[in-house]
Amino acid sequence: MTSRITANVRWLAVVCLGFSLAGCVSQTVKSTSIPTLQGSALPVPEDELMDVAVAIFDPGIDFVDEDERLYPEVRRAEARYIPKLLSEVLQNSGAWGAVRVVPNEDRITDLMISGTILHSDGETLELKVVAKDSRDYVWLERVYEGTASRYAYDAKTRSTYDPFQAVYHQIANDLIERFDKLPSAQRKEIRTVSELLFAQSFSTEAFEGYLDKTRKGKQLVVRLPAEDDPMLARVRMLRERDHVFVDTLQSYYSGFSEEMFGPYQEWRKLSYQEVIAYQQLKKESMQQLIAGGAAIIAGIAAAGSGDGSARAAGNVAIIGGGYLLKSGLETRAEAQIHVEALEEIGQSLEAEITPQVIELEDRTVMISGSVEDQYAQWREVLAEIYRNEIGELAPPASDANIQN
């Protein structure tokens, strides 16, 4: 009986050692290859080139799981940074007209891209992306996920690509695939719908009746104003001014991205290391707690026997199990230190993000946390310009071209 108990204690000791050693195994980090950025299959005529707007993303703060560590100040910064990266990739594909980052989805454009950050911690990036044309047809609505390579943040091997460049290339390629499937007539219709929607946003009465909606609520061109209509000409001039303003905003987003790049890359690098370390420490902690608990139980059983050597072995097991439990708790405390370090990094990143001033020809615009308010004020200015320029011009002729 004594030999059996002693053997069991030895066996448990071996198991405990196995648990502790298992915690030292390195975790494998998956990497994602970057797909080649695709252009359109055929040259795109100028009158079919679509303008693309990428709206500031939803930071996804309200959709986070309770177990996920989230730093709101980092997410809000990422919500501005990621659209800029995506817009650059789209522009580099050479398949679109102007590609702009915009404050929200209210802007009228040929193709609007919006997104939500579902997860971002330096190791994994998960985005929900939606793309709709001006007719309100959905081009894509998908969740994209990328995993950073373990070399992504290594200064010696790091490439010029963003750690999650594969995600942006995949989104761009999916959009190009959808674009190539559109007939020429539909591409032109999308551009026409955009122009008419813009005109209606300033004068519903003057441009009423040019658009209608299908049973499914999609925009449809039913007739066109005359090409020489003076009101249409002024709307087009107004739209060009709007483009100039939004192009000015691009310098803000570019400056923001450049200013953010350094601290953000450091945050992602440290976050990546902390996430891996946290996962590893959490695994080690659980294994040590399990092994420690098992050793204590076996030790109590052995110490309760009548044999002296068995009691001695049991006491050793209890002490060893207590050590493993203590080690497991200490490991958890160490993991919490990593969590606190991430929070400090997030706060330091927020400190780097400061409001910027945009100089326009006739005024200075302060861009702070609410770019949306600034753009709303600009729209009011445009409306005033429209009223002043239109004056007493008559509405467009009612006998305009008809589309079936």
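Residues numbered from 1 in each chain as written. Predicted model: local features only at pLDDT ≥ 70, side-chain atom pairs only at ≥ 80, totals over all residues. Heavy atoms only, no water.

With an unreviewed UniProt entry as reference, the chain is termed Lipoprotein, source organism Congregibacter variabilis.

(A) Focus on the nonpolar core. Ranked by size, the top nonpolar core spans 79 residues in total, and within it Leu90, Trp96, Ile113, Leu127, Trp139, Leu175 and Phe207 carry the most contacts. Tallying contributions element by element places helix H5 (residues 230-303) first for this core, with 15 residues. Residues in contact with leucine 90, not counting those within four places in the same chain, are Val52, Val54, Trp96, Val99, Ile113, Ala172 and Leu175. (Core = buried A, V, L, I, M, F, W, Y, C linked by side-chain atoms within 4.5 Å. Buried < 20%, exposed > 50% of the residue type's maximum accessible area, 1.4 Å probe, protein only. Helix = DSSP H or I, 4+ residues; strand = E, 2+ residues; numbered from the N terminus. Contact = heavy atoms within 4.5 Å.)

(B) View of the pattern of salt bridges. The tally for this structure, following the rule as stated, stands at 14 salt bridges. For the salt bridge of arginine 75 with glutamate 78, the shortest nitrogen-to-oxygen distance reads 3.8 Å. Here arginine 75 pairs with glutamate 78, and both are found in helix H2 (residues 72-92), just three residues apart, close to one helical turn. By relative accessible area, arginine 75 is classed as buried at 1%. Here arginine 236 ties to glutamate 195 by a salt bridge, and the two come within 2.7 Å at their closest N and O atoms. In this pair, arginine 236 sits in helix H5 while glutamate 195 sits in helix H4 (residues 184-202), placing the two residues 41 residues apart along the sequence. Linked through salt bridges whose partners overlap, the residues forming this network are Asp51, Arg100 and Asp247. (Salt bridge = Lys/Arg side-chain N within 4 Å of Asp/Glu carboxyl O.)

(C) A look at the pairing of strand S2 (residues 99-102). Here S2 shows a buried face lined by Val99 and Val101 and a second buried face lined by Arg100 and Val102. In this structure, strand S1 (residues 52-55) lies alongside S2, joined through four bridges in parallel fashion. Looking across to S2, one finds that alanine 53 is bridged to arginine 100. (Pairing = 2+ DSSP bridges.)

(D) The arrangement of the pairing of strand S5 (residues 138-147) in detail. In the sheet, strand S4 (residues 124-133) pairs with S5 via nine bridges, with the strands oriented antiparallel. Residue alanine 131 lies in a different strand from S5, and its bridge partner there is leucine 140.

(E) Quick peek at unusual backbone geometry. For aspartate 136, which is not a glycine, the phi torsion comes out positive at approximately 80 degrees. Of the residues examined, aspartate 136 reaches a relative accessible area of 32% and is grouped as partly exposed.

(F) Layout of the packing of aromatic side chains. Enumeration according to the criterion identifies five aromatic pairs in this entry. A centroid spacing of 6.2 Å and a plane angle of 50 degrees characterise the contact between phenylalanine 207 and tyrosine 210, whose relative ring orientation is tilted. For the pair phenylalanine 207 and tyrosine 210, a shared accessibility class is recorded, and that class is buried. Each residue in the set Trp96, Trp139 and Phe179 is aromatic and connected to the rest through ring pairs, giving one cluster. (Phe/Tyr/Trp six-rings, centres within 6.5 Å; stacked < 30°, edge-to-face > 60°.)

(G) Quick peek at the sheet that holds S5. Read from one edge to the other, the open sheet built from five strands follows the order S2-S1-S3-S4-S5, with strand pairing classed as mixed. Only two strands of the sheet have a single neighbouring strand rather than two, namely S2 and S5. Neighbouring strand axes in the sheet, compared pairwise and without regard to direction, differ in orientation by 20 degrees on average. Of the strand pairs in this sheet, S1 and strand S3 (residues 111-120) are connected by three bridges, and their pairing is parallel. Residue pairing in the sheet places valine 54 in a bridge with isoleucine 113 of S3. The sheet contacts of H2 involve S1, S2, S3 and S4, and relative to S3 the element is tilted by about 130 degrees. (Axes fitted to C-alpha atoms, helices over the stretch in contact; angles between N-to-C directions.)

(H) Region of the structure containing the environment of tryptophan 96. Of note, tryptophan 96 is situated in the loop between H2 and S2. Spatially, the C-alpha atom of tryptophan 96 lies 8.9 Å from that of glutamate 48, the residues being 48 residues apart in sequence. For tryptophan 96, the residues in contact, after removing those within four places along its chain, are Leu49, Met50, Val52, Leu90, Gln91, Leu111, Trp139, Leu175, Ile176 and Phe179.

(I) Representation of the packing of H2 against helix H3 (residues 165-180). Relative to each other, H2 and H3 sit at 55 degrees, their axes nearing to 9 Å. As summarised for this structure, H2 and H3 are arranged oblique, according to the angle between their axes. By crossing handedness, the relation of H2 to H3 is classed as right-handed. Side by side, H2 and H3 meet where Ile82, Leu85, Leu86, Val89 and Leu90 of the first sit next to Gln165, Tyr168, His169, Ile171, Ala172 and Leu175 of the second. (Parallel < 35°, antiparallel > 145°, perpendicular 65-115°, else oblique. Left-handed = near helix turned anticlockwise from the far one by under 90°.)

(J) Spatial organisation of H2. When the terminal C-alpha atoms of H2 are compared, their 31 Å separation across 21 residues agrees well with the 30 Å that a helix rising 1.5 Å per residue should span. The sharpest bend along H2 comes to roughly 25 degrees, located at glutamate 78. Where burial is concerned, most of H2 is hidden: 16 out of the 21 residues are buried. Just downstream of H2, glycine 94 is the residue with a positive phi angle, here 70 degrees. (Expected span 1.5 Å × (residues − 1). Bend = angle between axes of the 7 residues up to and from the residue.)

(K) Here's a closer look at H4. In a regular helix each residue adds 1.5 Å, so 19 residues correspond to 27 Å; H4 covers 29 Å between its end C-alpha atoms and thus fits that length. Within H4 the residues assigned to the buried category are Arg187, Glu189, Ile190, Val193, Ser194, Glu195, Leu196, Leu197, Phe198, Ala199, Gln200 and Phe202.

(L) Examining the confidence of the model for the chain more closely. Looking at the chain as a whole, its pLDDT mean stands at 74, while 61% of the residues score no less than 70. Per-element averaging of pLDDT across the chain places helix H1 (residues 2-22) at the bottom with 43 and S1 at the top with 98. In the model, residues 1-31 has pLDDT below 50 throughout and makes 38 contacts with residues more than four positions away in sequence or in other chains. In this model, residues 392-404 is a region of pLDDT below 50 whose contacts with residues beyond four sequence positions or in other chains number 28 contacts. (pLDDT = per-residue confidence, 0-100.)

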